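Now for the letters of each chain:
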Amino acid sequence: MRFGAITTIIATLLATAGARADTGPVALDPGDFEVFDPVQVRAGWLLFYDPILSGNRNISCATCHHPRFGTSDGLSLGLGEGGAGLGPERKADPANLPEQRIPRNSPALFNLGHRDIAVMFHDGRIERDENRESGLRTPLEDEMVTGFASLLSAQTMFPVLSADEMAGHYQENDVSKAVRQGRITGEGGAWDIISHRVEAIPDYAEMFRTFDTEIAAGKPLDFTDISDAIAAFVATEWRASDTAYDIALRGGAPLDPMAAEGQALFFGEAGCAACHSGPLLSDQSFHAMAEPQLGPGKAARFESHQRDDGRFRVTGREADAYAFRTPMLRNVVHTGPWGHAGAHTDLGRFLAYHADPARGLNGYAPHATLTDLPETKPDWTIMEDTAARDAIAASYAGEPVDLSDADIRRLIAFLAALTDETALKGRMGIPDTVPSGLPVDR
């Protein structure tokens, strides 16, 4: 029976993922977001759009997280180093070809400043851990420096170390050389090199002296100061708490009938709230949903496979194979392609797939948004490997949910009601120029 199947999947997910017992609607509280010094936010705003943070001074945070594309890049898998252009128009640079695509879809940045955020990235490889000196668990383990103002700040420190994202290929610049040699922290490390670059620009140096008393007293600029500023900007610029859904829950105008029907499905028969729960509409846990895999996979340079094992790469637990973090949903209709590898370009098809992943994977036909790139390995290797495909399918332990076409339309109407137009546009917008004088992605 339909109801019985739904009950089974909800019970399974609640038991295995530790989802909130309260899975009903909860509005976001603007008071759960920190307020930052305006000068710090301005510094972070300019740094976010400034290519000075990348090894070759050619890529900014905004290259892959742009307001024109819902703070993502409009691609299933993006191109960092070796790419030219913006969004779906970004192409491989013939003079400096990328070594590979970025392995995972560029996540949206909405509500990352909420105080309850506990994990970052699709696999949660950065997460709060009070048992560690830094207060964080990260890929750097005990070498991780301390002094971050937030988890969001710590997240900012890692894209600049990735050869495929911002650092650049080996031997191309001082940052990429330091990363390749394992010199990340300390004097002469990659973060130190970038910090000196920023500190040498008078406008940045003055801004940091204005809002940071220690820097004003003579402390050198550290990368934690830079990442704190960027985090302050991201948390402020893309706070999305004034959606039609949140306004209705706070006693404002009710949702239109179609969206209201979708909300009832979401928190009821469709079982979405088993994972998409709480004010953030995410349990911040990890679930294997048999999502299609494409691209280079998440493998070290010395590994030859193209799998993406998800959370398993962080924990080493077999139960975490192919599990990925439950995404938050504010502005979700504007953040496609969807899925950890961006395998879905149509939200309705994605919802239908999500309701019955085993059947969806079996009938999946590639429809990703990928820019042309000379490949040493085909993008769809895993999907054409029967054993690998079967392993992904077997990782899903739930039961299918019966959704009609009308149900999907109702759910999409509800998801559209999670749009915050102010956050979608951005409160400060795109700067005309940045202090380095380098080009700004528009």
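### With respect to the overall build of the protein
Of regular secondary structure, the protein possesses 18 helices and seven strands. For the protein, whose C-alpha radius of gyration is 22 Å, the value lies close to the compact-globule estimate of 22 Å for 442 residues. Dimensions along the principal axes, computed over C-alpha positions, put the protein at roughly 70 × 55 × 45 Å. A total of 442 residues make up the protein; the buried ones form 55% of that total. Considering only residue pairs separated by 6 or more positions, the protein has 68% of its internal contacts joining residues 24 or more positions apart. A total of about 18,700 Å² of accessible surface is found on the protein, and carbon and sulfur atoms cover 51% of it. Between the averaged position of the 39 positive side-chain charges in the protein and that of its 63 negative side-chain charges there is a distance of 2 Å.

### So, the packing of aromatic side chains
If you walk through the whole model with that rule in mind, you get 15 aromatic pairs. Ring centres of Phe266 and Phe267 lie 4.9 Å apart, and the angle between their planes is 65°; on these two criteria the pair is classed as edge-to-face. Counting every residue linked through ring pairs, the aromatic cluster contains Phe48, Tyr49, Phe233 and Trp238. Between the NZ or CZ atom of Arg180 and the centre of the ring of Tyr170, over which it lies, the distance is 4.4 Å. Directly above the aromatic system of Phe286 lies the positively charged group of Arg311, at a separation of 4.1 Å from the ring centroid.

### Digging into the pattern of salt bridges
Taken as a whole and assessed by the stated rule, the structure comprises 22 salt bridges. Ionic pairing is found between Arg311 and Glu127, a salt bridge with its closest N-O pair at 3.2 Å. Of this pair, Arg311 sits in the loop between strand 6 (286–288) and helix 13 (312–315) while Glu127 sits in strand 4 (residues 126–128), and the two are 184 residues apart along the sequence. Exposure remark for Glu127: the relative accessible area of 13% places this residue in the buried category. The network of salt bridges with shared partners includes Arg104, Asp123, Arg125 and Asp308.

### Things to note about the layout of surface pockets
Of the voids in this model, the largest pocket is the one considered here, and its volume is about 1,200 Å³. Lining the largest pocket are 34 residues; nearest its centre among them are Leu161, Ser162, Ala163, Lys298 and Ala300. Contributing elements (two or more residues each) for the lining of the largest pocket: helix 5 (163–167), helix 6 (174–180) and helix 13. Among the elements that make up the lining of the largest pocket, the one with the highest residue count is helix 5 (four residues).

### Here's the deal with unusual backbone geometry
Following Gly336, the chain continues to Pro337 via a peptide bond in cis, the omega torsion being 0°. Its location among the elements puts Pro337 in the loop between strand 7 (323–325) and helix 14 (347–355). One non-glycine residue, Phe121, lies in positive phi territory at about 75°. You can see Phe121 is positioned in the loop between strand 3 (119–120) and strand 4. Phi at Leu281 is positive, roughly 55°, even though this residue is not glycine. Secondary-structure assignment places Leu281 in the loop between helix 12 (257–266) and strand 6.

### A closer look at the nonpolar core
One finds Phe48, Tyr49, Leu53, Trp191, Phe208 and Ile226 to be the most contacted residues of the largest nonpolar core, which totals 65 residues. Among the elements that take part in this core, helix 10 (residues 223–237) stands out by supplying nine residues, more than any other. Not counting residues up to four positions away in its chain, the partners in contact with Phe48 are Ser60, Cys61, Ala62, His65, Leu109, Ile230, Phe233, Val234 and Trp238. Counting 24 residues, the second-largest nonpolar core is a separate cluster that includes Ala259, Phe267, Val332 and Leu403.

### Considering the environment of Arg125
Within the secondary structure, Arg125 is located in the loop between strand 3 and strand 4. Along the chain, Arg125 and Val314 lie 189 residues apart, while their C-alpha atoms are 5.9 Å from each other. The residues touching Arg125, leaving out its near neighbours within four places in the chain, are Arg104, Met120, Arg137, Thr138, Pro139, Lys298, Arg311 and Val314.

### A word on empty space enclosed by the protein
Taken as a whole, this structure holds four cavities of 30 Å³ or more when the rule is applied. Taken together, 45 residues form the lining of the largest cavity, with His276, Pro327, Leu329, Phe350 and His354 sitting closest to its centre. At the level of secondary structure, the elements contributing two or more residues to the lining of the largest cavity comprise helix 1 (2–17), strand 7, helix 14 and helix 17 (405–416). For the lining of the largest cavity, the element with the most residues is helix 14, which contributes five residues. Of the residues contributing to the lining of the largest cavity, the split by class is 30 nonpolar, twelve polar and three charged. In terms of lining residues, the second largest cavity is bounded by 31 residues, among which His65, Phe121, Gln155, Pro159 and Glu165 are the most central.

### Looking at the confidence of the model for the protein
Per-chain confidence: the protein averages 92 in pLDDT, with 95% of residues scoring 70 or above. Counting interchain partners and residues more than four positions distant, the pLDDT-below-50 stretch residues 1–21 has 34 contacts.

### Quick look at helix 7 (residues 190–199)
Residues spaced three or four apart along an α-helix point in a common direction, a consequence of the helix completing one turn every 3.6 residues. Counted residue by residue, helix 7 has seven buried out of ten residues, so it is predominantly covered. Listing the buried residues of helix 7 in full gives Ala190, Trp191, Ile193, Ile194, Ser195, Arg197 and Val198.

### Structural notes on the state of the cysteines
Each disulfide consists of one covalent bond between the sulfur atoms belonging to two cysteines. Scanning the entire structure with this criterion turns up zero disulfides. Its sulfur unpaired, Cys64 is 9.4 Å from the next cysteine sulfur, which belongs to Cys61. The cysteine Cys275 is free of any disulfide, with Cys272 supplying the nearest cysteine sulfur at 9.2 Å.

### Details of helix 17
If you check helix 17, its first and last C-alpha atoms are 17 Å apart, about what twelve residues at 1.5 Å a residue would give, namely 16 Å. For helix 17, the set of buried residues is Asp407, Ile408, Leu411, Phe414 and Leu415. Mapping the buried residues of helix 17 onto a view down its axis gives an arc of 120°, with all of them on the same face. The exposed residues of helix 17 that point more than 90 degrees off its buried face are Asp405 and Arg409.

Conventions and cut-offs
- Residues numbered from 1 in each chain as written.
- Predicted model: local features only at pLDDT ≥ 70, side-chain atom pairs only at ≥ 80, totals over all residues.
- Heavy atoms only, no water.
- Helix = DSSP H or I, 4+ residues; strand = E, 2+ residues; numbered from the N terminus.
- Rg over C-alpha atoms; globule rule 2.2 N^0.38 Å.
- Buried < 20%, exposed > 50% of the residue type's maximum accessible area, 1.4 Å probe, protein only.
- Contact = heavy atoms within 4.5 Å.
- Areas by Shrake-Rupley, 256 points an atom, 1.4 Å probe, with all protein chains shown as cover.
- Lys, Arg positive; Asp, Glu negative; His and termini not counted.
- Charge placed at Lys NZ, Arg CZ, Asp CG, Glu CD.
- Phe/Tyr/Trp six-rings, centres within 6.5 Å; stacked < 30°, edge-to-face > 60°.
- Lys NZ or Arg CZ within 6 Å of the ring centre and 35° of its normal.
- Salt bridge = Lys/Arg side-chain N within 4 Å of Asp/Glu carboxyl O.
- 1 Å grid on protein atoms, 1.4 Å probe; cavity = no way out; pocket = protein on both sides within 12 Å on 5 of 7 lines; lining within 4 Å.
- Points joined across faces, edges and corners; volume = space filled by probe spheres on them.
- Core = buried A, V, L, I, M, F, W, Y, C linked by side-chain atoms within 4.5 Å.
- Nonpolar A, V, L, I, M, F, W, Y, C, P; charged D, E, K, R; others polar.
- pLDDT = per-residue confidence, 0-100.
- Disulfide = S-S within 2.5 Å.
- Expected span 1.5 Å × (residues − 1).
- Arc of directions from axis to C-beta.

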